[in-house]
Amino acid sequence: EDKARDFKRFQRNHSLDKAVKPKDYDREDKANKVAVITIYAGRNLVAKDKTMFGKHEKSDPYVKVYFGSQKVGKTPIMYETLNPVWGKGTEGHEMTCSLGKLNTRLTKRFLEVSIWDHDYGTANDPMGVVDLKFPKEYNSQVVSWYKVEKGKKGHRTYCHNASGELKIGLEVKLS
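Residues numbered from 1 in each chain as written. Predicted model: local features only at pLDDT ≥ 70, side-chain atom pairs only at ≥ 80, totals over all residues. Heavy atoms only, no water.

1. Looking at unusual backbone geometry
Here is step 1: Unlike most non-glycine residues, Glu-80 shows phi in positive territory, near 50°.
Here is step 2: Within the secondary structure, Glu-80 is located in the loop between strand E5 (70-74) and strand E6 (93-100).
Here is step 3: Exposure remark for Glu-80: the relative accessible area of 59% places this residue in the exposed category.
Here is step 4: Unusually for a residue other than glycine, Asn-139 sits at a positive phi of about 55°.
Here is step 5: A residue is classified by how much of its surface remains accessible, and Asn-139, at 40% relative accessible area, is partly exposed. (Helix = DSSP H or I, 4+ residues; strand = E, 2+ residues; numbered from the N terminus. Buried < 20%, exposed > 50% of the residue type's maximum accessible area, 1.4 Å probe, protein only.)

2. A few points about the nonpolar core
Here is step 1: Ranked by size, the top nonpolar core spans 31 residues in total, and within it Ile-37, Ile-39, Val-65, Val-113, Phe-134 and Leu-166 carry the most contacts.
Here is step 2: Contributions of two or more residues to this core are made by strand E1 (33-43), strand E4 (61-67), E6, strand E7 (111-117), strand E8 (125-132) and strand E10 (165-174).
Here is step 3: Of the residues forming this core, the biggest block, 5 residues, is contributed by E10. (Core = buried A, V, L, I, M, F, W, Y, C linked by side-chain atoms within 4.5 Å.)

What follows is the structure in structure tokens.
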């Protein structure tokens with residue numbers, strides 16, 4: 001009875017999806033969670049490297065993933081391409097992040113997926129960012145193409161001419 005009352009209050013205060021049942025609420029409340037992020041590919045990314053004639057034609061992109069200030073991981077550098085593919089075939093580049101008991105259905109927190117152009121001898125150039133929200137379902141990977149955004153002006157990831165998309169998979173597993 002107390003659990004049902006608490007759940008109704010919880011649902012009312014947080015506009016929770018109607019599909020969530022009290023047993024899911026209890027399980028989520030107690031379970032540790034792990035986010036599994038898979039970076040598959042990019043397409044039509046911004047060119048940051050100049051040719052000897054001064055024209056921007058290519059980039060050497062790689063991706064970094066952060067959860068708040070915690071660095072989750074980064075992909076290998078893909079040289080001279082605006083359409084990188086990470087991993088062999090369809091496997092992508094996978095990384096994991098412990099979320100503890102964070103309620104991913106209610107949090108306003110997200111994963112920051114930033115794209116960078118690797119440079120030798122100078123600072124790497126930001127190519128844009130994807131703020132990745134957590135999926136509502138657990139133990140089921142969501143794979144989609146996400147638009148690369150400019151980011152917040154003044155932030156380290158800001159890119160005034162960001163373009164393209166990233167194909168990303170995200171799954172939140174209960175442990």
